[in-house]
Amino acid sequence: NPSLRKVRYTEEDANPIFGLAESTALLVINKDNPNYDSFEGMMNYCKEHPREITLATSGLNNIFYVLSLRMAKAFDCQMQVVPFDGALAITNAVVSGHVEAGFSEYTRNTEQLPLLFLSPKNEFFPDLRDFSDVGHPELLIGLKMIMYGQPKMPEDIRLRLESAAAKASQDP
């Protein structure tokens, strides 16, 4: 991951073949959180109570972990990052009160209160803000899964793979 360490490749080396999926990521809290019910409230609470907020992420050394560090720096607040094994574990931890907040994918769980989109806004929550709305568009992340080929892959092979992936995506 080039966000975490020096690597021997660049983004330009990538040879995209097919977009597999796109995910909607949110910052969520328990809907009954007694300390705050907005992103600004969370950041103010975080500044007044350093390291008291526990923030669930899906593991360490991934995009969510990096975002937690960047968010803490941008908003000058200290949180404890707690790694979990994926979105379901994060949802359970937030709903049960084991953590204050979590970075999670879109969910219809009514026990969670979404505070902010981590990726640009979309149709799921038309009124929910993203990092651009709170003055930090540089924190927006895109969660896309893309199939890549070798940098110098012949175009005919890339096109065959693209066609096969498109066909497979139409047949659930």
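Refer to the preceding data block for the structure.
Small disclaimer: the values here were computed from a predicted structure and weren't measured. (Residues numbered from 1 in each chain as written. Predicted model: local features only at pLDDT ≥ 70, side-chain atom pairs only at ≥ 80, totals over all residues. Heavy atoms only, no water.)

## Things to note about the overall build of the chain
Here is step 1 of the chain: Assigned secondary structure in the chain consists of four helices and seven strands.
Here is step 2 of the chain: When its helices and strands are written in sequence order, the chain yields β-β-α-β-α-β-α-β-β-β-α.
Here is step 3 of the chain: Along the longest, intermediate and shortest principal axes, the C-alpha atoms of the chain span 60 × 35 × 30 Å.
Here is step 4 of the chain: Taken over 172 residues, the chain has a buried fraction of 37%.
Here is step 5 of the chain: Once local pairs closer than 6 in sequence are excluded, the contacts in the chain between residues at least 24 apart make up 70%.
Here is step 6 of the chain: Put simply, the chain shows about 10,500 Å² of open surface, and 51% of that area lies on carbon and sulfur atoms.
Here is step 7 of the chain: Charged side chains of the chain number 16 positive and 23 negative; the gap between the two group centres comes to 8 Å. (Helix = DSSP H or I, 4+ residues; strand = E, 2+ residues; numbered from the N terminus. Buried < 20%, exposed > 50% of the residue type's maximum accessible area, 1.4 Å probe, protein only. Contact = heavy atoms within 4.5 Å. Areas by Shrake-Rupley, 256 points an atom, 1.4 Å probe, with all protein chains shown as cover. Lys, Arg positive; Asp, Glu negative; His and termini not counted. Charge placed at Lys NZ, Arg CZ, Asp CG, Glu CD.)

## Overview of helix α2 (residues 63-74)
Here is step 1 of the chain: Relative to the 16 Å expected for twelve residues at 1.5 Å per residue, α2 spans 16 Å between its end C-alpha atoms, a close match to the ideal helical length.
Here is step 2 of the chain: What α2 keeps buried is the set Phe64, Val66, Leu67, Ser68, Met71 and Ala72.
Here is step 3 of the chain: Where α2 is buried, its residues meet β2 (25-30), α1 (39-48), β3 (54-57), β4 (80-83), β5 (101-105) and β7 (143-149).
Here is step 4 of the chain: Taking the backbone nitrogen of phenylalanine 64 as reference, a side-chain oxygen 2.9 Å away marks asparagine 62 as the first, capping residue of α2. (Expected span 1.5 Å × (residues − 1). Polar contact = N/O pair within 3.5 Å; in protein donor to acceptor, adjacent residues only side chain to side chain.)

## Observations regarding the packing of aromatic side chains
Pairs of aromatic rings are described using the distance from one ring centre to the other and the angle between the two planes.
Here is step 1 of the chain: In total, this model carries four aromatic pairs according to the counting rule given.
Here is step 2 of the chain: Judged by centre distance (6.1 Å) and plane angle (85°), the rings of phenylalanine 39 and phenylalanine 131 are edge-to-face. Of this pair, phenylalanine 39 sits in helix α1 while phenylalanine 131 sits in the loop between β6 (112-117) and β7, placing them 92 residues apart in sequence. This pair shows no difference in class: phenylalanine 39 is buried, exactly as phenylalanine 131 is.
Here is step 3 of the chain: For the ring pair phenylalanine 64 and phenylalanine 103, a centre distance of 6.1 Å and an interplane angle of 40° mean the geometry is tilted. With phenylalanine 64 in helix α2 and phenylalanine 103 in strand β5, the pair connects residues that are 39 residues apart, well separated along the chain.
Here is step 4 of the chain: With relative accessibility at 1%, the residue phenylalanine 103 sits in the buried group. (Phe/Tyr/Trp six-rings, centres within 6.5 Å; stacked < 30°, edge-to-face > 60°.)

## What to know about the side chain of asparagine 15
Here is step 1 of the chain: Along the chain, the position of asparagine 15 falls in strand β1 (residues 15-23).
Here is step 2 of the chain: In this structure asparagine 15 comes out as buried when scored by relative accessible area, which is 12%.
Here is step 3 of the chain: What asparagine 15 contacts, discounting residues up to four positions off in sequence, is Met147, Tyr148, Gly149, Gln150, Pro151, Met153 and Arg158.

## Some words on the pattern of salt bridges
Here is step 1 of the chain: Enumeration according to the criterion identifies four salt bridges in this entry.
Here is step 2 of the chain: Lysine 31 is paired through a salt bridge with aspartate 32; the nearest N and O atoms lie 3.3 Å apart.
Here is step 3 of the chain: Arginine 158 is the partner of glutamate 162 in a salt bridge, and the nearest nitrogen-oxygen pair spans 3.0 Å. Placement of the pair is glutamate 162 and arginine 158 together in helix α4 (residues 155-169), with a separation of four residues, close to one helical turn.
Here is step 4 of the chain: A network of salt bridges, in which partner residues are shared, links Glu155, Arg158 and Glu162. (Salt bridge = Lys/Arg side-chain N within 4 Å of Asp/Glu carboxyl O.)

## Brief notes about the environment of phenylalanine 117
Here is step 1 of the chain: For phenylalanine 117, the position within the fold is in strand β6.
Here is step 2 of the chain: Of the residues examined, phenylalanine 117 reaches a relative accessible area of 0% and is grouped as buried.
Here is step 3 of the chain: Between the C-alpha atoms of phenylalanine 117 and asparagine 35, which are 82 residues apart in sequence, the distance is 20 Å.
Here is step 4 of the chain: Setting aside its immediate chain neighbours within four residues, phenylalanine 117 contacts Thr24, Ala25, Leu26, Asn122, Phe125, Leu128, Arg129, Asp130 and Phe131.

Just distances and angles here, no functional claims.
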